[in-house]
Every structure is written in structure tokens, then in C-alpha cells.
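# Coordinate analysis (summary)
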Amino acid sequence: MLVLVAAVLMSCGLADAFTFLVEPPTYPVGHRLVLLGALGFAAAAMWAWLRPAPQWVTVLTALPALVIGGLALQFEDGSWGVLAGLVLIPAALIGMLVDLHYSSDVVRPAK
């Protein structure tokens, strides 16, 4: 659930901060949403690292926090974060869904 909330926050922030103009009127709000989404992805990556999840799930969950959050801090008005978000946010969501599918197959309740 945390990955989904982080993906929504980061996507809304990227959509709000992206523009062809110099600075939109709602730019600070979008920038804060991107950073909150990066914190959510970092927390989800830590949670995936602490529980018995495959290593690739932890990496896919941490990549949006590191790349998009880092780009948002480094290039505040650039569109590199939007381009990275087009690839990394769906990759993190797919990794989460695959991990949920396989972890639900492993743990079955006893009858």
C-alpha cells in the first residue's frame, strides 16, 4: 500500500511541476509532492529490505526514491524527473505486484 501511495504522490507532483513555462504557479506544491513520494518509496524500500523479499524488489522500489528524488533536488526545474518517472514508477509498481503475487503463493493458511 505504501508503494501505491508513494507512486500517486510522486506522479501527481511530477504532473504538477512539469511545464514548458519558466515556473508554474503551483510549482512548489508539485515539488513537495515529488519529495514526499520519494520519502514514501524510500520507506517502502526499507520495509522490503527488512522483510524476506527478493533483492530485485528492494532495488526496484528504491530506484524512484534515489533517481527521481535526486533529480528533483538537483534540477528543480528540469524535466529529467518526469522522463525517469515514466520508467521507474511503473517498474516499482510492477515489482510490488509480482512480489505480492509470489509471496501470496508461498504463504498459505493451514486448513
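Placed above this text is the structure.
An account of the accompanying structure is given in this report. (Residues numbered from 1 in each chain as written. Predicted model: local features only at pLDDT ≥ 70, side-chain atom pairs only at ≥ 80, totals over all residues. Heavy atoms only, no water.)

Secondary structure assignment for the protein yields 4 helices and 0 strands. Helices and strands in the protein line up, N terminus first, as α-α-α-α. Residues counted as buried form 34% of the 111 residues belonging to the protein. Pairs at least 24 residues apart make up 65% of the contacts formed inside the protein by residues separated by at least 6 positions. In the form shown here, the protein has an accessible surface area of approximately 7100 Å², with 74% of it arising from carbon and sulfur atoms. (Helix = DSSP H or I, 4+ residues; strand = E, 2+ residues; numbered from the N terminus. Buried < 20%, exposed > 50% of the residue type's maximum accessible area, 1.4 Å probe, protein only. Contact = heavy atoms within 4.5 Å. Areas by Shrake-Rupley, 256 points an atom, 1.4 Å probe, with all protein chains shown as cover.)

Ranked by internal contacts, the top residues of the largest apolar core, which has 17 residues, are Val3, Met10, Leu14, Val34, Phe41, Ile68 and Ile89. Residue assignment for this core shows that the elements contributing at least two residues are α1 (2-17), α2 (27-50), α3 (55-74) and α4 (80-106). Sequence-distant contacts of methionine 10, that is, excluding residues within four places in its chain, are made with Leu33, Val34, Gly37, Ala38, Phe41, Pro64, Ile68 and Ile89. (Core = buried A, V, L, I, M, F, W, Y, C linked by side-chain atoms within 4.5 Å.)

A word on the environment of valine 34. With respect to the secondary-structure elements, valine 34 resides in helix α2. Take valine 34: its relative accessible area is 3%, and that puts it in the buried class. C-alpha of valine 34 to C-alpha of alanine 6: the two residues are 28 residues apart in sequence and 8.9 Å apart in space. Not counting the four nearest positions on each side in its chain, valine 34 is found in contact with Leu9, Met10, Gly13, Leu14, Ile68 and Ala72.

With 20 residues, α3 should reach 28 Å at 1.5 Å per residue; the first-to-last C-alpha distance of 27 Å fits that figure. Along α3, the helix axis deviates most sharply at alanine 62, where the bend reaches about 30°; the proline proline 64 sits within four residues downstream. Listed as buried for α3 are Val57, Thr58, Thr61, Ala62, Pro64, Ala65, Ile68, Gly69 and Ala72. (Expected span 1.5 Å × (residues − 1). Bend = angle between axes of the 7 residues up to and from the residue.)

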